Amino acid sequence: MSKFYKIPVASVEKLTPDSVAITFDLADKLKSIFAFKPGQHVIVRKNIGGEDIRRTYSFCSAPHENVFRIAVRQIDDGTFSTYANTVLKAGDVLEISPPIGAFTFSAKPAGTYVGIAAGSGITPLMSMIRTALTSDDESKFFLYYGNRDAKHTMFRAELAALKNLYMGRFSAQMFMTRQAVDIPFFNGRIDGEKISHLHAHVFSALNVNGYYLCGPKSMVDGAKDSLLTAGEPEANIHSELFFVGDESARRKIASAPARAKVNVIMDGRKVEVDYRDEHGSILEAVLGAGLDASFSCKGGVCATCRAKVTDGDVDMAINYGLEPEEIADGYVLSCQSIPLSKTVTINFDA
Ligand code: FES
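Each chain carries its own residue numbering, running from 1 in the written order of its sequence. Since the coordinates come from a predicted model, pLDDT governs what is reported: local features require at least 70, and pairs of side-chain atoms require 80 or more to be given and counted, while whole-chain, interface and lining totals use all residues. As a convention, hydrogens and water are excluded, and side-chain values are obtained from all of the structure's heavy atoms.

1. Some points on helix α1 (residues 79-86)
Here is step 1: Regarding α1, the residues found buried are Phe 80, Ser 81, Tyr 83, Ala 84 and Asn 85.
Here is step 2: In this description, contact between two residues means that some pair of their heavy atoms is separated by no more than 4.5 Å. Numbered from the N terminus, helices here are DSSP runs of H or I no shorter than four residues, and strands are runs of E no shorter than two. Residues of α1 that are buried make contact with β1 (5-16), β2 (19-24), β3 (41-48), β4 (51-58), β5 (69-73) and β6 (93-96). The buried label applies to any residue whose accessible area, calculated with a 1.4 Å probe on protein chains only, is under 20% of its type's maximum; exposed applies above 50%, and partly exposed to all values in between.

Quick look at the structure:
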C-alpha cells in the first residue's frame, strides 16, 4: 500500500507552453522518506472534480541537489496534467508517495553513458545526467533527444547550460519532427534505423557503460532492438515507457476460471478476495474488496501495482514495468493479471 504525504508546492515554473516543473517544499523530517535514486518517480494523488486521480511523475532534479522537483507535460484530456499546467500554484498542497521505480542510474568511476529520450521522457534522464556529470571529473553523457520543435523542448535552456559547463563531457543532439534542422539526419523521430547508424558510427567507439531509454513504446522498442542487434548486452540497456493509457487486462482466456479465490497478503494481513470475470484484473478485485492496493497507471507501465504470486497461476497481459528477473521471482503487475487457477495467493508486501 502506498502511503501518501501532503506536501506543499514551493514553485510551479513553465518549462514550455505545455509543461511545468513542480518543486516541493519538503520538510526536513521527510527528506529521508523521499530520498530517491536518479530515474525514480513518485505517485501524485489529487482529488479533482470528486475523482481520485493518481499519476506517476519522475524527478528531474538529482538526489545530491537536495531539491525535490518533478516535471509534468500537459496531455490532451489529461485531468491532472491540465490541472498542473493551468491551476496549480505555489502554496497548494499535493499528496505524493515516497519514490519508487526500477529505472535507476548508478554512476561508475569515469563512466560513459548514452541517453535516448523523446518528449517528457527527458525528465528522469535530467536527474541521471546531473548525477553522472557531478559524480567525478571524467564521466561523460551523450544525449539524443527528440521533440516536435525547439519551443516544445523541455529543459532546452538547462541542457544548453550543461553543455557549456561540462564541455567535452556532455553533448545533447536534438531531433525535431516539425522544425527543419541543419543536419538532415536529425530531422524526424528517433527510430531503430537512426540508432543503428549512431551505434555503428558513434556508440561502438565509446565503450558505453549504460544506455538509458525513455519515451513512447515505438521509440524505446526500436532503439532497444537496434542496440541488441548491434551486440550490446541486454543488461546495459535500461528503459522506461511513457504512460500508455489505461490498457485493460480484460481478455478471455479459455482456461481461466470465471471465479477464483485470491488470498491477498497486504500490510501483514491475509484477506480472501473473490475474483470474478467482470473484475478484469486481480487489482480491480482487490480494490473492489475495499483493500488499499497501490496503483497508478493501470496500464502495465508504472509497476506501482507489483505483487508476488506465491501460490497458484496467473496470466499477465501487458508488462512494460517489470524486469525479467522480477518475473522469474514470481512478481506480476496485478493490474494486468488474471487468475488461471481456482486459488491464487498474491503478496503485495513482498
Ligand atoms: S498500476 Fe501501473 S503497472 Fe499496474
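2. Here's the deal with the packing of aromatic side chains
Here is step 1: A pair of Phe, Tyr and Trp rings is counted when the ring centres sit within 6.5 Å of each other, with Trp represented by its six-membered ring. The angle between the planes then sorts it: under 30 degrees is stacked, over 60 is edge-to-face, the rest tilted. Under the counting rule described, the total for this entry stands at 16 aromatic pairs.
Here is step 2: Ring plane angle 65° and centroid distance 4.9 Å describe the contact between Phe 175 and Phe 186, whose orientation is recorded as edge-to-face. Of this pair, Phe 175 sits in strand β9 (residues 170-176) while Phe 186 sits in the loop between β9 and α4 (192-201), and the two are eleven residues apart along the sequence. In terms of burial, Phe 175 and Phe 186 fall into one category: buried.
Here is step 3: Grouped by ring-pair contacts, the aromatic residues Phe 103, Phe 105, Tyr 113, Phe 141 and Tyr 212 constitute a single cluster.
Here is step 4: Over a ring means this: the NZ of a Lys or the CZ of an Arg is within 6 Å of the ring centre and within 35 degrees of the ring normal. The ring of Tyr 5 is capped by Lys 3, whose NZ or CZ atom sits 4.9 Å from the centre of that ring.
Here is step 5: One Lys or Arg, Arg 45, reaches over the ring of Phe 4 and ends 4.4 Å from the middle of that ring.

3. Notes on the sheet that holds strand β16 (residues 331-333)
Here is step 1: A sheet is described by the order of its strands in space; here five strands give the open sequence β13-β12-β18-β14-β16, paired in mixed fashion. Each edge of the open sheet is held by one strand with a lone partner, namely β13 (269-276) and β16. For this sheet, the mean angle separating the axes of adjacent strands, direction not counted, is 35°.
Here is step 2: Sheet analysis places strand β12 (residues 259-266) next to β13, joined by eight bridges and oriented antiparallel. Its bridge partner being in β13, Val 262 is matched across the sheet by Val 273. Strand pairing is assigned whenever DSSP detects at least two bridges linking the two strands. All axes here are fitted lines through C-alpha atoms, helices being fitted over the stretch that makes contact, and every angle between N-to-C directions spans 0 to 180 degrees.

4. A closer look at helix α5 (residues 217-229)
Here is step 1: In this analysis, the expected span of each helix is defined as 1.5 Å times one less than the number of residues it contains. Taking 1.5 Å per residue, 13 residues should reach 18 Å; α5 reaches 18 Å between its end C-alpha atoms and fits that length.
Here is step 2: All of the buried residues along α5 are Met 219, Val 220, Gly 222, Ala 223, Ser 226 and Leu 227. Taken down its axis, α5 places every buried residue within 170° of arc, on the same side. Turned more than 90 degrees off the buried face of α5, the exposed positions are Ser 218 and Thr 229.
Here is step 3: In this structure, the buried side of α5 is in contact with β7 (112-118), α4, β10 (210-215) and β11 (237-241).
Here is step 4: Of the residues trailing α5, Gly 231 is marked for its positive phi of about 100°. The reported arc concerns the directions from the helix axis to the C-beta atoms and nothing else.

5. What to know about the nonpolar core
Here is step 1: In this structure, Val 262, Val 264, Met 266, Val 286, Ile 346 and Phe 348 are the most contacted members of the largest nonpolar core, which totals 29 residues.
Here is step 2: With sequence-adjacent residues up to four places away left out, Val 286 is seen in contact with Val 264, Met 266, Val 273, Leu 291, Ala 293 and Phe 348. Note on terminology: a nonpolar core comprises buried Ala, Val, Leu, Ile, Met, Phe, Trp, Tyr and Cys residues joined through side-chain atoms within 4.5 Å.

6. Some remarks on the domain arrangement of the protein
Here is step 1: These domain limits were set by an automatic method or by a database of domain assignments. Domain parsing of the protein yields domain 1 (5-96), domain 2 (112-241) and domain 3 (259-347).
Here is step 2: The C-alpha-based centres of domain 1 and domain 3 are spaced at 27 Å.
Here is step 3: Counting residues at the interface gives five residues for domain 1 and six residues for domain 3.
Here is step 4: Here the buried area means the combined drop in accessible surface, using a 1.4 Å probe, for two parts upon being joined, counting both sides. When the two sides are added together, the surface that domain 1 and domain 3 hide from each other amounts to roughly 440 Å², 48% of it contributed by carbon and sulfur.
Here is step 5: Any carboxyl oxygen of Asp or Glu that lies within 4 Å of a side-chain nitrogen of Lys or Arg is treated as forming a salt bridge with it. For the interface between domain 1 and domain 3, the tally reads zero salt bridges.
Here is step 6: Listed by contribution, the elements that provide at least two residues to the side of domain 1 that touches domain 3 are β3 and β4.
Here is step 7: By residue number, the principal contributor to the side of domain 1 that touches domain 3 is β4, which donates three residues.
Here is step 8: Lys, Arg, Asp and Glu make up the charged group, whereas Ala, Val, Leu, Ile, Met, Phe, Trp, Tyr, Cys and Pro make up the nonpolar group; the residues left over, Gly among them, are polar. For the side of domain 1 that touches domain 3, the class distribution of residues is one nonpolar, two polar and two charged.

7. Notes on the pairing of β9
Here is step 1: Of all seven residues making up β9, five are buried, and the element is well covered by its neighbours.
Here is step 2: Summarising the sheet, strand β8 (residues 140-147) and β9 pair through seven bridges and their orientation is parallel. Bridging across to β9, Phe 141 finds its partner in Phe 170.

8. Some remarks on the sheet that holds β8
Here is step 1: Reading across from one edge, β9-β8-β7-β10-β11 is the order of the five strands in this open sheet, with parallel pairing throughout. Of all strands in the sheet, those with a lone pairing partner are β9 and β11, marking the two edges. Mean inter-strand twist for the sheet, computed between neighbouring axes without regard to direction, equals 10°.
Here is step 2: Bridge count between β7 and β10: five bridges; the pairing is parallel.

9. Points about the environment of Ile 116
Here is step 1: Tracing the backbone shows Ile 116 in strand β7.
Here is step 2: C-alpha separation for the pair Ile 116 and Val 220, spaced 104 residues apart in sequence, amounts to 8.3 Å.
Here is step 3: Filtering out sequence-adjacent residues up to four positions away, Ile 116 remains in contact with Leu 125, Tyr 144, Ile 190, Ile 195, Tyr 212, Leu 213, Cys 214, Met 219 and Ala 223.

10. Overview of the environment of Gln 336
Here is step 1: In this fold, Gln 336 is placed in the loop between β16 and β17 (337-339).
Here is step 2: Note on Gln 336: relative accessible area 0%, which makes it buried.
Here is step 3: Sequence separation between Gln 336 and Ser 281 is 55 residues, and the spatial gap between their C-alpha atoms is 5.9 Å.
Here is step 4: Of the polar contacts made by the side chain of Gln 336, one reaches the backbone oxygen of Lys 298; its length is 3.5 Å. In protein, a polar contact requires one atom able to donate a hydrogen and another able to accept it; more generally it is a pair of N or O atoms within 3.5 Å, and residues adjacent in sequence count only if both atoms are side-chain atoms.

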